[in-house]
Amino acid sequence: MRQIRAILLALSVFGLPLQAAQGSEWGCEVLLCAASDNPSWHEVESCHPPMERLITAMKRPGFSWPTCPEGGAGKPGYDRYADCPAGWQPVAGDQDYDHGRSGELSRCSRTVRVCNGRTPQSADSDRQENTREGITREFLGRNSCEYREYVARPLRAQPYYFDIKSEQGGTERHYFDLRH
């Protein structure tokens, strides 16, 4: 990864076009730019032409991602959702909640215990209540000490990613976006 950062730094400091870099194919240009996180590709002037070309090409039928075998990465992945907050687990949304995308892990859930030695709250098993924070509570049976809370899973600002092989033999995940 240090090699990619060093190339990007040299390109931005010396103002050299990406075409002069080793691995000058379009796929390698895209990989170098997408892997740049500080600064992001948006802030590297020489990254605008290959990334804008990519964004335009994605709109065409039959689009295929350009790849860079020399960079140790294939086609990028796409992960729409960010991690759930601490203590919450990703769960599938339902069709009503998720606008027809049932099965997608689009919500976060946690089970809350409320009794703590007291008498259980009386609730119907299917009773749900919505709170101002966007949390839905589902009581887990009559006279239950537990209920399940659901909240919309946060969306990633940078949903695309490349898994790039590191010098140590593992992989590093680099998220990026394709906004103009």
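The coordinates are above.
Rules and cut-offs
- Position numbers for residues count from 1 along each chain, tracking the sequence in the order it is written.
- A pLDDT threshold of at least 70 governs which residues receive local features in this predicted model, and a stricter bar of 80 or more applies before side-chain atom pairs are shown or counted, although totals over entire chains, interfaces and linings include all residues.
- Note: side-chain values were computed over all heavy atoms of the structure, leaving out hydrogens and water.
- Strands were regarded as paired on the criterion that DSSP finds at least two bridges between them.
- Helical segments are the DSSP runs of H or I of at least four residues, strand segments are the runs of E of at least two, and each set is numbered from the N terminus.
- Burial classes follow relative accessibility: with a 1.4 Å probe on protein chains only, a residue under 20% of its type's maximum area counts as buried, one over 50% as exposed, and anything between as partly exposed.
- Each direction from the helix axis to a C-beta atom contributes to the arc, which is the arc of those directions.
- The criterion used for residue contact is that any of the two residues' heavy atoms lie within 4.5 Å.
- Here a pair means two rings of Phe, Tyr or Trp (six-membered ring of Trp) with centres within 6.5 Å. Their orientation is stacked below 30 degrees between planes, edge-to-face above 60, and tilted elsewhere.
- In our convention, an over-ring charge means Lys NZ or Arg CZ found within 6 Å of a ring centre and within 35 degrees of that ring's normal.
- The set of buried Ala, Val, Leu, Ile, Met, Phe, Trp, Tyr and Cys residues whose side-chain atoms join them within 4.5 Å is what this entry labels a nonpolar core.

### Notes on the pairing of strand S8 (residues 171–176)
Here is the key point about a regular strand: its side chains alternate between the two faces of the sheet. The pairing of strand S7 (residues 160–165) with S8 spans 6 bridges and is classified as antiparallel. Note that in S8 the partner of Ile164 across the bridge is Glu172. The hairpin formed by S7 and S8 contains 5 residues between the paired strands, and Gly169 there has a positive phi angle of roughly 100°.

### Overview of helix H3 (residues 48–58)
When H3 is considered as a whole, its buried residues turn out to be Pro50, Met51, Leu54, Ile55 and Ala57. All buried residues of H3 fall inside an arc of 165° around its axis, so they share one side. Contacts made by the buried residues of H3 are with helix H2 (26–34) and S8.

### Some words on the packing of aromatic side chains
Counted according to the given criterion, the structure contains 6 aromatic pairs. Seen in terms of ring centroids, Phe63 and Trp65 are 5.7 Å apart; in terms of plane orientation they differ by 70°. Their pairing is edge-to-face. Classification of Phe63 by relative accessible area gives partly exposed; the value is 25%. Using a relative accessible area of 14% as the deciding quantity, one classes Trp65 as buried. Clustering of aromatic rings is evident, with ring pairs tying together Phe63, Trp65, Tyr78, Tyr160, Phe162 and Phe176. We note Arg53 situated over the ring of Trp26; from NZ or CZ to the ring centre the distance is 3.9 Å.

### A few points about the nonpolar core
Grouped together as the largest cluster of nonpolar side chains are 22 residues, with contacts concentrated most on Val30, Met51, Leu54, Trp65, Phe162, Phe176 and Leu178. Among the secondary structure elements, those contributing two or more residues to this core are H2, H3 and S7. Here this core takes 6 residues from H2, the largest share from any one element. Setting aside chain neighbours within four positions, we find Leu178 in contact with Trp41, Met51, Leu54, Ile55, Met58, Trp65 and Tyr160. Core analysis: the next-biggest nonpolar cluster, separate from the first, contains 5 residues, Trp88, Cys108, Ile135 and Val151 among them.

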